[in-house]
Structure formats: C-alpha cells, structure tokens
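Examining the three-dimensional arrangement
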Amino acid sequence: MHTLCARGTMKPEINAAVGFLSRFLRIKGHVNDRQLQTFNQSLQDILAEQYKHHWFPDRPNKGSGYRCIRINHKMDPLVGQAGQRIGLSIQQLYLLLPSELTLWVDPFEVSYRIGEDGSICVLYESLPITNVNPSVTTGNGHPSSSVTQVSPMVDSRISCKEELMVLGRTSPAKPYMMTVSS
C-alpha cells in the first residue's frame, strides 16, 4: 500500500484511539483543554508517522502487533512521548491511564482490552467498500476491480467498558476474538 493512500485512510482509526485515551486524561486528570488538545494532536501525529509504512487496508491484520498500543508494567513509548509534550511524567500517565490496557489500531477497526483477562471491545468499526474504478489500472493496463475505500458511514459507538466507566451502565461486554498475524 502506498504511503499517501495509507495516511489518508488511517485518520478515523487514529482519531478513535487518541480520543479514547484522551477521555481518561480529561476524566481522571488535572489536564486543561489546551493540554488535552496538544496531547491529541501530538499523539495523532506520532501514530500517523509510526504507522505510515505499516498500514495495509487490503490486509488489515498485517502489522496489527506493530500498531498495538500497550500499557502494562511499561508505558507505551508513543503515549509517553505525547504525555511528556504536555508536561506529564510517565508516573503521572500511569495514574491517569488504566494500568493494564491493550489498544489495537487496525484498518477499519479499533478495539481495546482493559486488564489481561478483560473482554475485547470495539471502539470504532467501518467497512471497506469495493468498486470498479476505471481510472485505477493494474500493471497490465486493465481496470482494477478492488479499490478499497473507507465507507462514509462510520459506526462509531461507545464501547461496553467505556459505558461502564463513564456512564455508569452495566451492560455486559460482547465477547470478541482478535487474531494477530504478521
């Protein structure tokens, strides 16, 4: 996948991941609006740069482990970098973010798990649409019949764990299995 195409299609996924992490800072932290905006923009830029050669909309599971944001006994370095840009130390980030968090940022889906044994919940989901585009050709000059685009109808919903934490609802988590391949 070409870098330009990859960057153009990863924006909604990165926004969903960054928005999810930012909510923890806003709810639990003493972070003002300006700091939150700086954190958001910094993390979006950092993730876009990090993922630009590891984004494969035609094979969404490829590179999933590389794009995984992980906080357990060690702070994810990309989140740590964005936090430091607004004056938060790694120790402060540990206090504001879940101590066990895995966040998968994949083409067409962003999902997360809080805790090692927690359910995996979907934060963002969209479907690729396929159409014949005569202006895009294969190497032999024939029109390409599988141009992947992000659907303009994006299903962005509040996840099960977020509902429980933020809204106080007690709906059970939807069981979900994610495979990671490289």
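Fair warning: this is a prediction, and the values are worked out from it, not measured in the lab. (Residues numbered from 1 in each chain as written. Predicted model: local features only at pLDDT ≥ 70, side-chain atom pairs only at ≥ 80, totals over all residues. Heavy atoms only, no water.)

Concerning the packing of aromatic side chains
Definition in use: Classification of ring pairs uses Phe, Tyr and Trp, with its six-membered ring standing for Trp, and accepts pairs whose centres are within 6.5 Å; under 30 degrees between planes counts as stacked, over 60 as edge-to-face, and the remaining range as tilted. For every residue, the accessible area (1.4 Å probe, protein chains only) is compared with the maximum for its type, and the residue is labelled buried under 20%, exposed over 50%, or partly exposed between those bounds. We call a charge positioned over a ring when the NZ of a Lys or the CZ of an Arg lies within 6 Å of the ring centre and within 35 degrees of the ring normal.
In the structure shown here, the tally under the stated rule is three aromatic pairs. For the ring pair tyrosine 51 and tryptophan 55, a centre distance of 6.3 Å and an interplane angle of 10 degrees mean the geometry is stacked. The pair formed by tyrosine 51 and tryptophan 55 is uniform in burial state, with each residue classed as buried. A cation over a ring is seen here: lysine 62 above phenylalanine 56, with NZ or CZ 4.4 Å from the ring centre.

Quick word on helix 2 (residues 33-51)
Rule in force here: By definition, any uninterrupted DSSP run of H or I lasting at least four residues is a helix, any uninterrupted run of E lasting at least two residues is a strand, and each is numbered from the N terminus. Every helix has an expected span of 1.5 Å times one less than the residues it contains. Throughout this description, a polar contact denotes any pair of N or O atoms lying within 3.5 Å of each other; where both atoms belong to protein, one of them has to be capable of donating a hydrogen while the other can accept it, and for residues adjacent in sequence the pair is counted only when both atoms sit in side chains.
Relative to the 27 Å expected for 19 residues at 1.5 Å per residue, helix 2 spans 27 Å between its end C-alpha atoms, a close match to the ideal helical length. Along helix 2, the residues that are buried comprise Gln35, Leu36, Phe39, Ser42, Leu43, Ile46, Leu47, Ala48 and Tyr51. N-capping of helix 2 is provided by asparagine 32, with a side-chain oxygen placed 3.1 Å from the backbone N of arginine 34.

Notes on the UniProt feature "domain: Anti-proliferative protein" (unreviewed entry) in the protein chain
The following threshold applies: UniProt positions are given in the numbering used here, feature names are shortened, and annotations may be inferred rather than shown by experiment.
The UniProt record marks residues 51-71 and 97-116 with the feature "domain: Anti-proliferative protein" (unreviewed entry), using the residue numbering of this structure. Secondary structure across residues 51-71 divides into 24% helix and 14% strand, with the first and last C-alpha atoms of the span separated by 18 Å. Along residues 97-116 the backbone is 0% helical and 60% strand, and the end-to-end C-alpha distance reaches 15 Å.

Examining unusual backbone geometry
Its identity is not glycine, yet phenylalanine 108 carries a phi of approximately 75 degrees, on the positive side. Of note, phenylalanine 108 is situated in the loop between strand 2 (101-106) and strand 3 (109-114). What makes phenylalanine 108 buried here is its relative accessible area of 7%.

Regarding the nonpolar core
Formally: The nonpolar core is taken to be a set of buried Ala, Val, Leu, Ile, Met, Phe, Trp, Tyr and Cys residues, with the residues joined through side-chain atoms within 4.5 Å. Contact definition: two residues touch when any of their heavy atoms are within 4.5 Å.
Membership of the largest hydrophobic core comes to 37 residues, with the highest contact counts inside it found for Leu25, Leu97 and Leu103. Those elements that place two or more of their residues in this core are helix 1 (3-28), helix 2, strand 1 (69-71), helix 4 (77-84), helix 5 (90-96), strand 2, strand 3 and strand 4 (120-125). Ranked by residue count, the leading element in this core is helix 1, at nine residues. With residues near it in sequence (within four places) discarded, leucine 25 still touches Val31, Leu36, Phe39, Leu88, Leu93, Leu96 and Leu97.

Some thoughts on the pairing of strand 4
Heads up, the condition is: The criterion for strand pairing is that DSSP finds at least two bridges linking the strands in question.
In terms of burial, strand 4 is a largely internal element, five of the six residues being buried. Relative to strand 4, strand 3 runs antiparallel, the two sharing five bridges. Bridge pairing links tyrosine 112 to cysteine 121 in strand 4. The turn linking strand 3 back onto strand 4 is made up of five residues, and glycine 115 within it adopts a positive phi angle of 85 degrees.

Notes on the environment of glutamate 13
With respect to the helices and strands, glutamate 13 occurs in helix 1. A residue is classified by how much of its surface remains accessible, and glutamate 13, at 1% relative accessible area, is buried. Considered as a pair, glutamate 13 and glutamine 44 are 31 residues apart in the sequence and their alpha carbons are 10.0 Å apart. The residues touching glutamate 13, leaving out its near neighbours within four places in the chain, are Trp55, Val105, Asp106, Pro107, Phe108, Glu109, Val110 and Tyr124.

A few points about the pattern of salt bridges
Cut-off, in case you're wondering: Each reported salt bridge corresponds to a side-chain nitrogen of Lys or Arg within 4 Å of a carboxyl oxygen of Asp or Glu.
Per the counting criterion, the structure on display carries four salt bridges. One salt bridge connects aspartate 106 with arginine 67, and the closest N-O pair in it is separated by 2.7 Å. With a gap of 39 residues between them, aspartate 106 in strand 2 and arginine 67 in helix 3 (residues 64-67) connect regions that are remote in the sequence. The two residues aspartate 106 and arginine 67 agree in class, both being buried. Between glutamate 116 and arginine 113 there is a salt bridge, with its nearest N and O atoms 3.9 Å apart. Judged by its relative accessible area of 42%, glutamate 116 falls in the partly exposed class. If you follow the salt bridges from partner to partner, you end up with Arg70, Arg113 and Glu116 in one network.

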